[in-house]
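This is what each chain is made of:
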Amino acid sequence: MKKALSYSGLIFFSCNLLANDSYSFLRKKDTLLISAKNCNQLYAEVRNLAAWRLARNEAPIGDIKLKRSRAGCSAELKNVAPIFTEKFHGANAKGPNCWNTTLVLNEIIPAKRFSSGEEMTFWMESPLCQKVLETDLKAGDIGAIRLVRPDGSLKESHGFIHVSPNLVFHKPGPGASEAYQFDNRQEMLKGFTTLDKAFNIQIDYYRCQKLSDYLKNKNAAQLSAYRRLDKAVTDVECDAESRIFIHQPNNAWLKTNILILEKLIENEVQYALKENSDEIFLWHSLMVRLNSLKTQALIDSR
């Protein structure tokens, strides 16, 4: 039986959440440990995690110290791996899913909650993201596993964060028992590419910029209305997130705010279309976020 541990308001399990021939992860008090039989391989992997954290401008970067034992080596990831991955590996939450994890980690959207496949597609096709070849991947890039329908159209199946040729970071699904986790890349791909044998599988990779960086280059005056409603949507999302992790949803409040914001944003969308605005996608992004929030409200009510 797994024994649940409480940490920073989240729920974790004291068992290994990833065990394979290469790496295993274990939370010990407030520190996440990574271990492997091959010490050289482990050191290279931890250095890769530290480089990813540095690229995200997250300081400080801790010293990489390997502890040797008869079973191999281990290392602490506190102040080494990106903050989100170190903090949330092993955390359970009802609603947040694979697509949301990729978008939040890339700072495209602000809050942990359910994200639809449509939202994933919307952002990957937006000006924020560009396709990259598998041979050019960097830690933090997004992987999108898609089902290819008979007519050639695509359906989102799973999303993950590329860490290295050996590791990914993802949340397998929106279920309360499906935890954020580092995972063996090949095992994850095998699991999600054999779920539905009636379809062919396509995996696309993307490198995305933060939404805040994209907005820096835009005319602030022209985006004042968008920023005002973006803040309103963000406030609702962040309230929903806080309630997800303390298991106290407020569906009535969430649904009421979604309805109010939808009407306000619809008016702005019509105006932007009339003006032939170049940033119509920003207004659509708010509607896409609200649609995902609707599903989060449904999940909360179950």
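> Hey, could you run me through the side chain of K112 in this one?
Within the secondary structure, K112 sits in the loop between α3 (98–105) and α4 (117–124). You can call K112 buried: its relative accessible area is 10%.

> What am I meant to see in the sheet that holds strand β10 (residues 154–162) here?
By definition, the strands of a sheet pair up through backbone hydrogen bonds, in either a parallel or an antiparallel sense. Spatially, the six strands line up as an open sheet ordered β8-β13-β9-β10-β11-β12, and their pairing is antiparallel. Each edge of the sheet is formed by a strand with only one pairing partner; in this case those strands are β8 (129–132) and β12 (181–184). Here the strands of the sheet are splayed against their neighbours by 40 degrees on average, with no regard to which way each runs. Looking at chain direction, strand β9 (residues 142–148) and β10 are connected through seven bridges and run antiparallel. Along β10, the bridge assignment pairs L147 with K155. Running over the sheet, α3 touches β9, β10 and β11 (167–170) and is turned about 50 degrees from β10. Strands β9, β10, β11, β12 and β13 (200–208) of the sheet are contacted by helix α5 (residues 185–193), whose axis makes an angle of about 170 degrees with β10.

Definitions and limits used
Residues numbered from 1 in each chain as written. Predicted model: local features only at pLDDT ≥ 70, side-chain atom pairs only at ≥ 80, totals over all residues. Heavy atoms only, no water. Helix = DSSP H or I, 4+ residues; strand = E, 2+ residues; numbered from the N terminus. Buried < 20%, exposed > 50% of the residue type's maximum accessible area, 1.4 Å probe, protein only. Pairing = 2+ DSSP bridges. Axes fitted to C-alpha atoms, helices over the stretch in contact; angles between N-to-C directions. Contact = heavy atoms within 4.5 Å.

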